[in-house]
Amino acid sequence: MNDWPLTLMAVHAHPDDEATSTGGVLARYAAEGIRTVLVTCTDGGCGDGPGGVKPGDPGHDPAAVALMRRQELKASCDILKVSHLEMLDYADSGMMGWPTNNAPGSFWQTPVEEGADRLAELMRRYRPDVVVTYDENGFYGHPDHIQANRITMAALAKAALTPKAYWTTAPRSMMQRFGEAMREFGADGHEPDPAEAAALAEIGLPDEEITTWVDTADFGGQKFDALAAHASQGENIFFLGMGREKFTELMGLETFVRVQDTTGAAVPENDLFAGLR
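Since the structure is predicted, the reported quantities are computational estimates derived from the model, not experimental observations.

A. Spatial organisation of the packing of helix α2 (residues 62-80) against helix α8 (residues 220-228). Where α2 meets α8, the closest approach of the two axes is 8 Å, and the angle between their N-to-C directions is 170°. Judged on the interaxial angle alone, α8 and α2 are roughly antiparallel. Contacts between α2 and α8 pair Ser-76, Ile-79 and Leu-80 from the former with Gln-222, Lys-223, Asp-225 and Ala-226 from the latter. Taken together, the residues that form the contact of α2 with α8 break down as three nonpolar, two polar and two charged.

B. Structural view of the nonpolar core. Membership of the largest hydrophobic core comes to 31 residues, with the highest contact counts inside it found for Leu-8, Tyr-29, Leu-272 and Phe-273. Residue contributions to this core peak at five residues, all from helix α1 (residues 17-31). For Leu-8, the contacting residues outside a window of four places in its chain are Val-25, Leu-26, Tyr-29, Ile-34, Arg-35, Thr-36, Val-37, Val-130, Val-132, Leu-272 and Phe-273. Residues Val-39, Ala-120, Ile-151 and Leu-156 belong to the second largest nonpolar core, which totals 25 residues.

C. Broad picture of the sheet that holds strand β1 (residues 7-12). Read from one edge of the open sheet, seven strands run β3-β2-β1-β4-β5-β7-β6, paired in mixed fashion. In this open sheet, the two edge strands, each paired with only one partner strand, are β3 (84-90) and β6 (212-215). Ignoring which end each strand starts from, the neighbouring axes of this sheet average 25° apart. The sheet contact formed by strand β4 (residues 130-133) and strand β5 (residues 164-169) spans four bridges and is parallel. Bridge assignment links Val-131 to a residue of β5, and that residue is Ala-165. Packing against the sheet, α2 makes contact with β2 (35-42) and β3, and its axis sits at approximately 155° to β3.

D. Representation of the pattern of salt bridges in the model. Scanning the entire structure with this criterion turns up 15 salt bridges. Between Glu-113 and Lys-158 there is a salt bridge, with its nearest N and O atoms 2.7 Å apart. Placement of the pair is Glu-113 in helix α3 (residues 112-126) and Lys-158 in helix α5 (residues 143-159), with a sequence separation of 45 residues. For Glu-113, a relative accessible area of 47% translates into the label partly exposed. The shortest N-O distance in the salt bridge between Arg-258 and Asp-261 comes to 3.4 Å. Ionic contacts of the salt-bridge type, sharing partners, join the residues Arg-28, Glu-32, Asp-271 and Arg-277 into one network.

Thresholds, definitions, all that
Residues numbered from 1 in each chain as written. Predicted model: local features only at pLDDT ≥ 70, side-chain atom pairs only at ≥ 80, totals over all residues. Heavy atoms only, no water. Axes fitted to C-alpha atoms, helices over the stretch in contact; angles between N-to-C directions. Helix = DSSP H or I, 4+ residues; strand = E, 2+ residues; numbered from the N terminus. Parallel < 35°, antiparallel > 145°, perpendicular 65-115°, else oblique. Contact = heavy atoms within 4.5 Å. Nonpolar A, V, L, I, M, F, W, Y, C, P; charged D, E, K, R; others polar. Core = buried A, V, L, I, M, F, W, Y, C linked by side-chain atoms within 4.5 Å. Buried < 20%, exposed > 50% of the residue type's maximum accessible area, 1.4 Å probe, protein only. Pairing = 2+ DSSP bridges. Salt bridge = Lys/Arg side-chain N within 4 Å of Asp/Glu carboxyl O.

What follows is the structure, given as structure tokens:
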């Protein structure tokens, strides 16, 4: 037996994902005395290398990038007060359509059953009361995010556990504000092209379809600092350019769709642990 009354497990694809969509809940629930377990599925080797060198370009060393990102992930976890970090260490598959999707050992090529077996073992060990991962489209179609969803849902079945389960999402109203912020803080100051604007508008869900709205504004500073800990990926983390105040204003609410529940807690809810305490 352990001394933790409740446990949150977040299953993410890459180093830095933990901070983007769940940094607030990880920090908030840690502060409330809840055990927080982060499972990171890939090594992040398809991220930027030193100086912003891109995957496939001369000088990009996936193994060195993975090591650097592991160190950044640990720093982020320290900032968010994550209780336990577990790394599955599959090779980063890169964006959809990249040659790395098909590389042996990539997460995208890993049989769902294999990944689910490993994750189910962790679920049996930690016995989470709440599990969070991505939706079936990985929020925006990233193969590793999609795979994280697949192994998480399969692992829940294998482990024969019935925690509250959630998929991360964003309300369309928030995505509209993100679009406005991108125009305000964008380097070129230009409006996004119509295709980009249309794609942004399709991310997330209509507000009325979101079941769970968690206020994490008090932990906006921790979330900002956790993202900043992933310094090697700073070029890709648009939110850091906002500064802490604007960042917290836009990112101080984390939203989810509840997909498994045995508590009967009414929705919409404002607490992942509603019905459990």
